[in-house]
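One-letter residues, chain by chain:
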Amino acid sequence: MLRYVVGRVAQALLVLWAAYTVTFVVLYLLPSDPVALMLAANNVELDSLTPDQVAAARARFGLDQPVHLQYVHLLVRALHGDLGTSLTAHVPVTQLLASRLPPTLVLSLVAVVLAVVGGVALAFLAAYVQWRPARLLLSRLPSLGVSLPTFWVGLLLIQVFAFTLHWVPATGNLGWRSLVLPAVTMAIPTSASLAQVLTRSLRDTLDEPYVTTARAKGLSRFQVQLRHASRNAALPALTILGLLVGATVTGAVTVETVFSRIGVGRLAAESVLAQDIPVVQGIVVVAAVAFVGVNLLVDLLYPLVDPRVVHAPKVVRP
């Protein structure tokens, strides 16, 4: 068990390092001048500066050093919790993220709970119902939920429940009522994907011989599905749930922009438009930490659902 946990933690750290490195390569090695971008964020044109001023600006941001030294310097600072300073807000990136992260975490947590409850309930019903038209309808609903664009769902919910029925506010961060529409918008594609995988897994599990044995003992279909089939069918759904939760956190960019909510997602959109490179890099690092953390948690839950995962023998190729 200890070897399994150490291996998963090592893989998570490797993914974090890879995400940071790729972000550095993308942001700093693209065919654009980082100094020009940083000066543009402060409404200063590069052509208006003398060569000495440009050289001083490069030295100020550490861009006069070789690329590998810049990478090592930024990586060491990031390991100490220093993600740099925002070019537009002129405050530490960590301080900016700390002020925007709580609303996004609350929204993501509510959306994940709604997605899990909705996805599991829909999959359970789709596998349990025997009437063919209802079974077919329940099986097709996840495909519809996955295919709907997130921004379109958000605008539709605003039109119906905010502007027409006046049940909840359309935008803003004012109280729990403002969470309803954004959380539902984020939960729909996640719950649909989860329901697709879990429905298929439940149906395969219900065809196993031990399920037939359980039914022969006199258990009802509901008892067999709930007590015997659900646990074995949960492993594939648990795998995809880790990916979907990470996608839900990063999907806050679209939802917070549509609903004008203050959070990391909206900060990401604003920083990209303003070309605030340190903030964009900090958001990517935070998103990678959330994504890796959730998937590490899922990996550590595998042995609790199926202990054979820890003791599975390695396949030796000839």
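Since the model is a prediction, treat every value here as computed from it, not as a measurement.

Cut-offs and rules
Residues numbered from 1 in each chain as written. Predicted model: local features only at pLDDT ≥ 70, side-chain atom pairs only at ≥ 80, totals over all residues. Heavy atoms only, no water. Buried < 20%, exposed > 50% of the residue type's maximum accessible area, 1.4 Å probe, protein only. Helix = DSSP H or I, 4+ residues; strand = E, 2+ residues; numbered from the N terminus. Arc of directions from axis to C-beta. Core = buried A, V, L, I, M, F, W, Y, C linked by side-chain atoms within 4.5 Å. Contact = heavy atoms within 4.5 Å. Axes fitted to C-alpha atoms, helices over the stretch in contact; angles between N-to-C directions. Parallel < 35°, antiparallel > 145°, perpendicular 65-115°, else oblique. Left-handed = near helix turned anticlockwise from the far one by under 90°. Expected span 1.5 Å × (residues − 1). Salt bridge = Lys/Arg side-chain N within 4 Å of Asp/Glu carboxyl O.

Here helix α12 (residues 264-274) has its buried residues at Val264, Gly265, Leu267, Ala268 and Ser271. Axial view of α12: buried residues confined to an arc of 155°, hence all on one face.

Right, let's talk about the nonpolar core for a bit. Of all hydrophobic cores here, the largest spans 16 residues; its most connected members are Leu194, Leu198, Leu202 and Leu206. For this core, the secondary structure elements donating two or more residues are α5 (93-128), α8 (177-206), α9 (209-216) and α10 (221-250). Looking at this core, the element that brings in the most residues is α10, giving seven residues. Residue contacts for Leu202: discarding those within four places in its chain leaves Ala123, Phe124, Ala127, Gln225, Ala229, Ser230 and Ala233. Within the second largest apolar cluster, 15 residues are counted, among which are Val153, Leu181, Ala183 and Met186.

Here the phi dihedral of His166 falls at roughly 55°; this positive angle occurs in a residue that is not glycine. The residue Ser260 is not glycine, and still its phi comes out positive at about 50°. Counting through the fold element by element, Ser260 comes out in the loop between α11 (252-258) and α12.

Interhelical geometry of helix α7 (residues 150-164) versus α8 gives an angle of 140° and a closest axis separation of 9 Å. Taken together, α7 and α8 sit at an angle that is classed as oblique. For the pair α7 and α8, the sense of crossing is right-handed. Between α7, through Thr150, Val153, Gly154, Leu157, Ile158, Phe161 and Ala162, and α8, the contact on the second element is made entirely by Leu181, Val184, Thr185, Ile188 and Pro189.

Before going further, it helps to spend a moment on the environment of Ala268. Examined against the element boundaries, Ala268 turns out to sit in helix α12. Assessed through its relative accessible area of 12%, Ala268 is described here as buried. The sequence separation of Ala268 and Gln281 amounts to 13 residues, and the corresponding C-alpha distance is 9.6 Å. Beyond its immediate sequence surroundings of up to four residues, Ala268 is in contact with Val253 and Ile283.

Let's shift gears to helix α6 (residues 132-147). The end-to-end C-alpha separation of α6 is 23 Å, in line with the 22 Å expected for 16 residues at 1.5 Å each. Looking only at α6, the buried set comprises Leu138, Ser139, Pro142 and Gly145. Buried residues along α6 sit against α5 and α8.

This brings us to the pattern of salt bridges. Pairing is possible between side chains of opposite charge, provided their charged atoms come close. With the rule as written, the count across this model stands at four salt bridges. In this structure, the salt-bridge partner of Asp82 is Arg77, at a minimum N-O distance of 3.3 Å. A residue is classified by how much of its surface remains accessible, and Asp82, at 36% relative accessible area, is partly exposed. Exposure remark for Arg77: the relative accessible area of 27% places this residue in the partly exposed category. In this structure, Arg266 and Glu270 form a salt bridge, with 3.5 Å as the shortest nitrogen-oxygen distance. Placement of the pair is Arg266 and Glu270 together in helix α12, with a separation of four residues, close to one helical turn.

Turning next to the side chain of Gln70. Residue position: Gln70 is located in helix α4 (residues 67-79). Beyond its immediate sequence surroundings of up to four residues, Gln70 is in contact with Phe24, Gly62, Leu63 and Gln65.

So, to be careful, I would describe these as geometric facts and stop short of saying anything about function.
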